[in-house]
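Here is how the chains run, residue by residue.
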Amino acid sequence: MTRRFWISAALTVPLLWAMIGEMFRGLDPMALFGERNVAWAECALASLVVLGCGGIFFIRGWQSLVRRSLNMFSLISLGSGAAWLFSVLALLAPGLLPQSFTLANGAPPLYFEAAAVIVTLVLLGQVMELRARSQTSSAIRSLLQLAPKIAHRLDRQNQESDVALDVVQVGDRLRVRPGEKIPVDGKVAEGSSHVDESMLTGEPDPAHKQPGDAVTGGTINGSGSLLIRAEHVGADTVLSQIVHMVAEAQRSRAPVQRLADRVAAWFVPAVVGIAVLAATVWGVWGPPPALAHALLVAVSVLIIACPCALGLATPMSIMVGVGRGAHEGVLIKDAAALETLEKVDTLVVDKTGTLTEGKPTLQAVFTLAGVTESELLRLAAAAEASSEHPLARAIIAGAKVRGDEALPAVQNFESDPGLGISALIGNRRILVGNAHLLERDGVAVIELVREADTYRAKGQTAIFVAIDGKPAGLLGVADAIKVTTLEAVQALKAQNIRIIMLTGDNARTAKVVGDALGLDEVVADVRPADKAAVVKRLQVEGRIVAMAGDGVNDAPALAQAQVGIAMGTGTDVAMQSASVTLLKGDLRGLAKAVSLSHQTMSNIRQNLFFAFTYNALGVPVAAGILYPFFGVLLSPIIASAAMSLSSVSVIGNALRLRKAVL
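Just so you know, these numbers come straight off a predicted model, no measurement behind them.

Rules used in this analysis
- Residues numbered from 1 in each chain as written.
- Predicted model: local features only at pLDDT ≥ 70, side-chain atom pairs only at ≥ 80, totals over all residues.
- Heavy atoms only, no water.
- Helix = DSSP H or I, 4+ residues; strand = E, 2+ residues; numbered from the N terminus.
- Buried < 20%, exposed > 50% of the residue type's maximum accessible area, 1.4 Å probe, protein only.
- Contact = heavy atoms within 4.5 Å.
- Areas by Shrake-Rupley, 256 points an atom, 1.4 Å probe, with all protein chains shown as cover.
- Expected span 1.5 Å × (residues − 1).
- Axes fitted to C-alpha atoms, helices over the stretch in contact; angles between N-to-C directions.
- Parallel < 35°, antiparallel > 145°, perpendicular 65-115°, else oblique.
- Nonpolar A, V, L, I, M, F, W, Y, C, P; charged D, E, K, R; others polar.
- Salt bridge = Lys/Arg side-chain N within 4 Å of Asp/Glu carboxyl O.
- Pairing = 2+ DSSP bridges.
- Core = buried A, V, L, I, M, F, W, Y, C linked by side-chain atoms within 4.5 Å.
- 1 Å grid on protein atoms, 1.4 Å probe; cavity = no way out; pocket = protein on both sides within 12 Å on 5 of 7 lines; lining within 4 Å.
- Points joined across faces, edges and corners; volume = space filled by probe spheres on them.
- Patch = residues over 30% accessible without salt bridge, like charges linked within 9 Å, V, L, I, M, F, W, Y side chains within 5 Å.
- Phe/Tyr/Trp six-rings, centres within 6.5 Å; stacked < 30°, edge-to-face > 60°.
- Polar contact = N/O pair within 3.5 Å; in protein donor to acceptor, adjacent residues only side chain to side chain.

**Student:** Explain the overall build of the protein chain here, please?
**Tutor:** Tallying secondary structure elements over the protein chain gives 26 helices and 22 strands in all. Burial analysis of the protein chain (662 residues in total) assigns 52% to the buried set. Taking all contacts inside the protein chain whose residues are at least 6 apart in sequence as the whole, residues at least 24 apart take part in 69%. Element-wise, carbon and sulfur atoms account for 58% of the exposed surface of the protein chain, whose accessible area totals about 29,500 Å².

In structure tokens form, the structure reads like this:
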């Protein structure tokens, strides 16, 4: 488009010389080279501009006609094509035109310069639009730049060679030197180091990595040398999925765009009708040359009414808004979510991993008669070894701290999200979870309830353990509230959002967290299926609900809510179910997302106002409504410039979102 524009501009300059020369006789090329010669030169130059550089508009205009979906290219091709065709006819066969088309000298007017300038200005608008779209993709480019271009791969003989990133395969061993970016997602095989993962978590402190730990492509290795084994490469890496999500969101359509689409559906045919009506009025009642004025007015109406500003109003703001969110670590999966966030009045949040660190630690172990503390903890940790839940990791870590490094093998592992897990260890059946899990299996929990209440009063989660159908003991686990959560809650409340905590944890434990944060409501002892039901109940009450969570058990509720929000530090299934992902796992990102939604929707409304107002004022002026009062008749060239200016105003307004304060 840039090449087309510059060629078109270079060819249009001589045509402008001819137009200006008519006003300044000393510069008039017609006086220098003769009218006929200049007319043929104008025809040649304008034909190259209109048919060559602007040929793409006629192709798109024809396609819109064939598909019965008229658009801006329909009007551009009609307007510039009519001006060019009339001029060619007037030059080649002036005798075929009626007297009402001719000027005082008996010759019909030529509009080659108008046709060429229209195409040139439209090309300029297209170039500016495409450059603006490119700027909105800066978030994607900056993400792509996080990945290194090469990787140091080791072969079976441990010989190291540099290879392009796209040839790295799952299972390859890769050397990451101090200070280098990690090329792909994988696990540390040898060595230890501290890795800067701020691009994902936003945390400034590097994470310590040792053999067995997962590493993410694009993060930066510290002072140690690492040997990693590739587990996810190419499009499967976290970084690639982030890039894909941002790109898809920028291409998605917001519901508000349906308004622009509905308007455009009747707007273009209406404009064509107005152009025909205005041409008829000028042709019958206009001053001489009546038909020449009629053509001029029709072309001006078609050009100035071009709905390109209307077409840009929504997608430009969405593209900039989504890119701005990505820069802040807020990944928005689709434009509909960005629009809906503005209307959210209720936020439902999970506790573990969302309000809290999601890194609970084992605080206490209680056993009943006949079971030792070591035995209870060893069996519970072994059973939890296959679970993804943060509480499971706390139990396993607690067992290791107490010396149980080698855990027994597990069979028949079963997970029941929201309740707990069961497993067979040797010939012993182990249940680890809440009281509901044990009761469902017929295990009496009355002996454990009183001690569990003691744990809960301290803000700990009480985990019940049963062995071979009999109660065995309790594990007390505490999960600290994230240091940023209180600030996030206060910011969300300032935006008039009601915050409800929904957790499978016991009511007493949940209340400790709810009171500390000043939440509006706490709903505890909720099973995964019931979480979605609670969200649905709120929706039936007329609330617009956003749900934030990070676990497998949150996925149904995330999908049920109008806006599902996943913590980037959570599970893949939660992120797949959500329409917004907070990469940093920090609810402050949600406050930013809500603020971004308000600013983006406000920006879209401003753009739509600009576009509608421009057309409402521009079309009557182009049709000649001012002529009877002021003798003003709009030139197609001015109409084309005004049309381009309207697009520029919309683009410029949308780009303001890049500097939005969140």
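Let us keep going from here.
**Student:** Sorry if this is basic, but what is going on with helix 16 (residues 390-401) here?
**Tutor:** In an α-helix, one turn spans 3.6 residues, which is why side chains three or four residues apart end up on the same side. The end-to-end C-alpha separation of helix 16 is 17 Å, in line with the 16 Å expected for twelve residues at 1.5 Å each. Residues Pro390, Leu391, Ala392, Ala394, Ile395, Ile396, Gly398 and Ala399 constitute the buried set of helix 16. Buried residues along helix 16 sit in contact with helix 14 (351-355), strand 12 (361-367), helix 15 (373-384), strand 15 (428-433), strand 16 (461-467) and strand 17 (470-478).

**Student:** Is there a simple way to think about the packing of helix 24 (residues 588-622) against helix 26 (residues 636-655) in this case?
**Tutor:** Any two packed helices are characterised by how steeply their axes cross, that is the angle between the axes, and by the distance between the axes. As a packed pair, helix 24 and helix 26 sit with axes 9 Å apart at the nearest point and diverge in direction by 170°. On the basis of their axis angle, the class for helix 24 and helix 26 is roughly antiparallel. Counting all contacts with helix 24, which are made through Asn603, Gln606, Asn607, Phe610 and Tyr614, the residues of helix 26 involved are Ala639, Ala642, Met643, Ser646, Val650, Asn653 and Ala654. Its residues placed into classes, the contact of helix 24 with helix 26 shows seven nonpolar, five polar and no charged.

**Student:** Can you help me understand the pattern of salt bridges in this one?
**Tutor:** Pairing between side chains of opposite charge can happen when the charged atoms of each approach one another. If you walk through the whole model with that rule in mind, you get 18 salt bridges. For Arg440, the salt bridge is made with Asp416, and the minimal N-O distance between the two is 2.4 Å. Placement of Arg440 in helix 17 (residues 435-440) and of Asp416 in strand 13 (residues 411-416) is noted, with a sequence separation of 24 residues between them. On the accessibility criterion, Arg440 (52% relative accessible area) is exposed. Residue classification places Asp416 among the partly exposed residues on the basis of a relative accessible area of 24%.

**Student:** How should the pairing of strand 1 (residues 150-154) be read in this particular structure?
**Tutor:** A regular strand places its side chains on the two faces of the sheet in alternate fashion. Bridge analysis of strand 1 against strand 2 (residues 160-164) gives five bridges, and the strand direction is antiparallel. Each bridged residue has a counterpart across the sheet, and for Ala151 the counterpart in strand 2 is Val163. Taking the residues between adjacent antiparallel strands as the criterion, strand 1 and strand 2 are bridged by five residues, where Asn158 takes a positive phi near 65°.

**Student:** Can you walk me through the nonpolar core in this structure?
**Tutor:** Side chains that are nonpolar tend, in soluble globular proteins, to be buried together. Counting 113 residues, the largest nonpolar core has Leu347, Ile565, Leu587 and Leu590 as the members making the most contacts within it. When sequence neighbours within four positions are dropped, the list of residues in contact with Leu587 reads Val349, Thr354, Leu355, Ala488, Ala548, Met567 and Leu582. Among the nonpolar cores identified, the runner-up in size contains 26 residues, and Val371, Leu376, Leu379 and Ala399 belong to it.

**Student:** Mind showing me how you'd approach empty space enclosed by the protein here?
**Tutor:** Any space left empty among the atoms is revealed by the rolling of a water-sized probe across them. With the rule as written, the count across this model stands at two cavities of 30 Å³ or more. Its boundaries defined by the atoms lining it, the second largest cavity holds a volume of some 30 Å³. In terms of residue count, helix 11 (residues 290-304) provides more of the lining of the second largest cavity than any other element does, three residues in total. Here the residues of the lining of the second largest cavity are counted per class, giving seven nonpolar, no polar and no charged.

**Student:** Any chance you could explain a nonpolar patch on the surface here in plain terms?
**Tutor:** On the surface, Trp62, Leu65, Val66 and Leu70 cluster together to form a nonpolar patch covering roughly 420 Å² of accessible area. Topologically, Leu70 is positioned in the loop between helix 4 (55-66) and helix 5 (72-92).

**Student:** Can you help me understand the packing of aromatic side chains in this one?
**Tutor:** Each pair of aromatic rings is reported with the distance of its centres and the angle of its planes. Scanning the entire structure with this criterion turns up three aromatic pairs. Between the aromatic rings of Trp282 and Tyr627, the centroid separation amounts to 5.0 Å while the plane-to-plane angle is 70°, which identifies the pairing as edge-to-face. Within this pair, whereas Trp282 is found in helix 10 (residues 257-285), its partner Tyr627 is found in helix 25 (residues 627-630), the two being separated by 345 residues in sequence.

**Student:** Just checking my understanding: could you explain the sheet that holds strand 9 (residues 226-232) for this structure?
**Tutor:** Working definition: the strands of a sheet are paired by backbone hydrogen bonds and lie parallel or antiparallel to each other. With antiparallel pairing, the six strands of this open sheet are ordered in space as 2-1-3-9-4-7. Either end of the sheet is taken by a strand with one partner, and the two such strands are strand 2 and strand 7 (214-215). Of the strand pairs in this sheet, strand 3 (residues 173-176) and strand 9 are connected by four bridges, and their pairing is antiparallel. Directly across from Leu174, in strand 9, lies its bridge partner Ile228.

**Student:** How should I be thinking about the side chain of Ser300 in this particular structure?
**Tutor:** Structurally, Ser300 can be placed in helix 11. With relative accessibility at 0%, the residue Ser300 sits in the buried group. One polar contact links the side chain of Ser300 to the main-chain carbonyl oxygen of Leu296, over a distance of 3.0 Å.

**Student:** Sorry, what's going on with unusual backbone geometry here?
**Tutor:** Leave glycine aside and you will find that most residues have negative phi; peptide bonds, for their part, are mostly trans. A cis amide bond links Pro288 with the next residue in sequence, Pro289, at an omega value of -10°. The residue Asp468 is not glycine, and still its phi comes out positive at about 55°. Checked against the element boundaries, Asp468 lands in the loop between strand 16 and strand 17. Assessed through its relative accessible area of 41%, Asp468 is described here as partly exposed. Positive phi outside glycine occurs at Asn496, with the angle close to 60°.

**Student:** Sorry if this is basic, but what is going on with the environment of Asp550 here?
**Tutor:** Looking at the element boundaries, Asp550 is found in the loop between strand 20 (545-549) and helix 22 (555-560). A residue is classified by how much of its surface remains accessible, and Asp550, at 10% relative accessible area, is buried. On a C-alpha basis, the gap between Asp550 and Thr352 in space is 8.1 Å, while along the polypeptide they are 198 residues apart.

**Student:** What is the right way to look at the packing of helix 3 (residues 35-53) against helix 4 in this model?
**Tutor:** Relative orientation of the contacting elements helix 3 and helix 4 amounts to 45°, with a least axis distance of 4 Å. Taken together, helix 3 and helix 4 sit at an angle that is classed as oblique. Residues Val50, Leu51, Gly52 and Cys53 of helix 3 pack against Gly55, Ile56 and Phe58 of helix 4. Among the residues forming the contact of helix 3 with helix 4, the class breakdown is five nonpolar, two polar and no charged.

**Student:** Explanation requested: the sheet that holds strand 6 (residues 207-209) in the structure shown.
**Tutor:** Reading across the sheet, the three strands line up as 6-5-8 and stay open at both edges, with antiparallel pairing between neighbours. In this open sheet, the two edge strands, each paired with only one partner strand, are strand 6 and strand 8 (220-221). The pairing of strand 5 (residues 193-196) with strand 8 spans two bridges and is antiparallel. Bridge pairing in strand 8 places Asp196 opposite Ile220.

Nothing here speaks to function; it is geometry throughout.
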